[in-house]
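# Results of the structural survey
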Amino acid sequence: MTMIKRIRELEAMSRRLEPGREARGPVRDAVMGYAERFLDRLPELKAYEADKEAAKELRKSPIGEQGTVVSELLALFDEAVVVPGVNPAAGRFLAYIPGGGIYFASLGDYLAAVTNRYAGVRFAGPGAVEMEDICLDWMAELVGYPEGSGGNLASGGSIANLVGIVTARDAHGLEARDFERAVVYLSEQAHHCIHKALGVAGLGECFQHYIGMDERYRMIPVELERAIAEDRAKGLIPWLVIASAGTTDVGAIDPLAEIGRVAKAEGLWYHIDAAYGGFFALVDESRPKLAGMELSDSIVLDPHKGLFLPYGTGAVLVKDVRALHRSHYYQAAYMQDIVAEESLAASSPADLSPELTKHFRGLRLWLPLKLHGVEPFRACLEEKLLLTRYFYEEVQELGFEVGPEPELSVATYRWVPEGRDANEFNRALVEEIHRDGRVFVSSTMLDGKFVLRLAALTFRTHLDTIDLLLEILKEKVDRLNG
Ligand SMILES: Cc1ncc(COP(=O)(O)O)c(C=O)c1O
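Worth saying up front: this structure is predicted, and the values here are computed from it rather than measured.

Our focus in this paragraph is the overall build of the chain. Looking only at helices and strands, one finds 16 helices and 13 strands in the chain. Computed over its C-alpha atoms, the radius of gyration of the chain comes to 25 Å, within 12% of the 23 Å expected for a compact globule of 482 residues. With respect to the principal axes defined by its C-alpha atoms, the chain has extents near 80 × 65 × 40 Å. Across the 482 residues that make up the chain, the buried fraction comes to 51%. Residue pairs at least 24 apart in sequence account for 75% of intrachain contacts in the chain once pairs closer than 6 positions are excluded. Carbon together with sulfur atoms contributes 54% to the accessible area of the chain, which is approximately 23,200 Å² in total.

This part takes up the packing of aromatic side chains. Two descriptors summarise a pair of aromatic rings, namely the distance from one centre to the other and the angle between the planes of the rings. Taken as a whole, this structure holds 13 aromatic pairs when the rule is applied. Ring geometry for Tyr-34 against Phe-77: centres 5.6 Å apart, planes inclined by 70°, an arrangement best described as edge-to-face. Of this pair, Tyr-34 sits in helix α2 (residues 21-41) while Phe-77 sits in helix α3 (residues 70-82); the two residues are 43 residues apart in sequence, bridging distant segments of the chain. With a relative accessible area of 36%, Phe-77 lands in the partly exposed category. Plain terms: the ring middles of Phe-391 and Tyr-413 are 5.0 Å apart, the flat faces sit at 70° to each other, and that makes the pair edge-to-face. You can see Phe-391 sitting in helix α14 (residues 375-397) and its partner Tyr-413 sitting in strand β11 (residues 410-414), a full 22 residues away along the chain. Through a chain of ring-to-ring contacts, three or more aromatic side chains come together here, namely Tyr-48, Phe-93, Tyr-96 and Phe-440.

If you look at the biggest cluster of nonpolar residues, it comprises 56 residues, and the most contacted ones within it are Tyr-185, Leu-224, Leu-256, Ile-299 and Leu-317. At 6 residues, the largest contribution of residues to this core is made by helix α5 (residues 126-143). Two domains each donate at least three residues to this core, and these are domain 1 (109-372) and domain 2 (375-480). Excluding residues that lie within four positions of it along the chain, Leu-224 makes contacts with Tyr-185, Ile-211, Met-219, Val-241, Ile-259 and Val-262. By size, the runner-up hydrophobic cluster in this structure holds 31 residues, among which are Ala-154, Val-166, Ala-190 and Leu-198.

Sheet strands associate in pairs through backbone hydrogen bonding, adopting either a parallel or an antiparallel arrangement. The mixed open sheet is built from 7 strands, whose spatial order is β3-β9-β8-β7-β6-β4-β5. Here the strands that pair on one side only, and so sit at the sheet edges, are β3 (150-154) and β5 (207-210). Taking the axes of each pair of neighbouring strands and ignoring which way they run, one obtains an average angle of 20° across the sheet. In terms of strand pairing, β3 meets strand β9 (residues 314-318) through 5 bridges, oriented antiparallel. Across the sheet, residue Leu-153 finds its bridge partner in β9, namely Ala-315.

So, about the site of the ligand. Taken together, the neighbourhood of the ligand is formed by 14 residues, with Gly-157, Ser-158, Thr-248, Asp-273 and His-304 sitting nearest. One nitrogen or oxygen atom from the side chain of His-304 is found 2.7 Å from an oxygen atom belonging to the ligand. Against a free-state accessible area of 390 Å², the protein chains account for coverage of 83% of the ligand. Counting residues per element, the shell around the ligand draws most heavily on helix α6 (residues 157-171), which supplies 3 residues. Here the residues of the shell around the ligand are counted per class, giving 3 nonpolar, 8 polar and 3 charged.

Bringing the domain arrangement of the chain into the picture now. Under the domain assignment used here, the chain contains domain 1 (109-372) and domain 2 (375-480). Each of domain 1 and domain 2 was reduced to a C-alpha centroid, and the two centroids are 30 Å apart. Opposite the 28 residues of domain 1 that make contact, domain 2 presents 23 residues. Taken over both partners, the interface formed by domain 1 and domain 2 buries close to 2,400 Å², and the fraction arising from carbon and sulfur atoms is 65%. Linking domain 1 with domain 2 are 2 salt bridges, by the criterion used here. Here domain 1 is connected to domain 2 by 11 residue pairs in polar contact (both at pLDDT 80 or more). Those elements giving two or more residues to the side of domain 1 that touches domain 2 turn out to be α10 (303-306) and α13 (361-372).

This paragraph deals with the pattern of salt bridges. Enumeration over the complete set of coordinates arrives at 30 salt bridges. Ionic pairing is found between Asp-302 and Lys-305, a salt bridge with its closest N-O pair at 2.4 Å. Arg-438 is the salt-bridge partner of Asp-436, the closest N and O atoms lying 2.8 Å from each other.

Among all positions of α3, only Leu-74, Leu-76, Asp-78, Ala-80 and Val-82 are buried. Looking at the packing, one finds that the buried side of α3 touches α2.

The rules behind these values
Residues numbered from 1 in each chain as written. Predicted model: local features only at pLDDT ≥ 70, side-chain atom pairs only at ≥ 80, totals over all residues. Heavy atoms only, no water. Helix = DSSP H or I, 4+ residues; strand = E, 2+ residues; numbered from the N terminus. Rg over C-alpha atoms; globule rule 2.2 N^0.38 Å. Buried < 20%, exposed > 50% of the residue type's maximum accessible area, 1.4 Å probe, protein only. Contact = heavy atoms within 4.5 Å. Areas by Shrake-Rupley, 256 points an atom, 1.4 Å probe, with all protein chains shown as cover. Phe/Tyr/Trp six-rings, centres within 6.5 Å; stacked < 30°, edge-to-face > 60°. Core = buried A, V, L, I, M, F, W, Y, C linked by side-chain atoms within 4.5 Å. Domains from an automatic or database assignment. Pairing = 2+ DSSP bridges. Axes fitted to C-alpha atoms, helices over the stretch in contact; angles between N-to-C directions. Near = heavy atom within 4 Å. Polar contact = N/O pair within 3.5 Å; in protein donor to acceptor, adjacent residues only side chain to side chain. Nonpolar A, V, L, I, M, F, W, Y, C, P; charged D, E, K, R; others polar. Buried area = accessible area lost by both parts, 1.4 Å probe. Salt bridge = Lys/Arg side-chain N within 4 Å of Asp/Glu carboxyl O.

What follows is the structure in structure tokens.
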């Protein structure tokens, strides 16, 4: 067989990867049809399916040499992927920190995938990079950062925090020999991805100094000031303060402005994890609570939380883009044509993050913001604040004990039974709610107490959802009380 003959044969087979309009149509219609039916069924779908056996069906359909018809694959997807476990698209998903996944973002992903624009390097995808920059600039304006800031769209809050921490490490000139004496200040409410990021950044040996919190789980700035002075006196190297703008457990906002002033006076890098709370700055009522975000040197906001995007988009912003660039800019000979075109002012996402090639995340953010405008996002966030306050009042009417008054859209609560262990009772209550599956809630431990959490951030969560949760709570407590 000549080489040309073999090439032609291979071409015929490989062309199957490029189905023509006629072949694309039925597959696309089947997929779109499934998505439409999913959205129609969503109000009736459980928020949690505890029986996860169906996921194993996937193993019975191994990947082979020949293709499978789309109808079979969609049936398998529904049975094994969509049904078991939690349903984060449902408005009745009230656990962890939700978001929901707005529809137009999915169309952004579709276009990003079909056109496959390269969003890593400006030379290659100038429009894609510009679009991401526009989204980042919009966020920087929301935070109150000046000209000269920069950022990056990451896959989520964990990676965004990692980028911020690595930038802080390098900006402070920390070297391996300093790590044992270097001190990070944070509270026990800091998200565990911060500890992970410190570890991944090689900073696991740094001393993590936990600062006391007030009765609403907010860091106490005078204690921070005192801790820094004590550590300096011991010959340690204070270098980083990490505050939270909306903690995961209770939605607490640390006193951002006061902490910022301490950090500045002491010459420390100031990082804020606003992955959950940051976008509440869009709401007039909560904006003052977030004052001080602009004092940070780096900050994380998660569009897949506060802007209701499907999973896969976090953002890190750094006040001085040069610091971000210093930590992430590398050259390679094979990219020399690109390097020639670049300058710091027009740097590329690849120069500002650990990623080179990456998903074009800007489109899934830009498209819904442009199609809807900001107004419904702002309204949806304010609605969640009010729903949480409504829940906080109503759940007390039912006889529940509550945690701190919610600052954002997380509220904690528990039932205190007579003559029984409260932690065991509330654990059983969560299990009952999970078995039921109409709503999905999660729990946490606060000062040794097992408490349930309401986290209202799915854009599909409305008043009827909260009323349903209250009804279910009453029903389950009555049942457990026999
Ligand atoms: C306050 C906070 N920071 C960081 C994260 C981590 O974000 P991600 O899950 O997007 O990596 C979360 C996740 O819930 C969070 O609530």
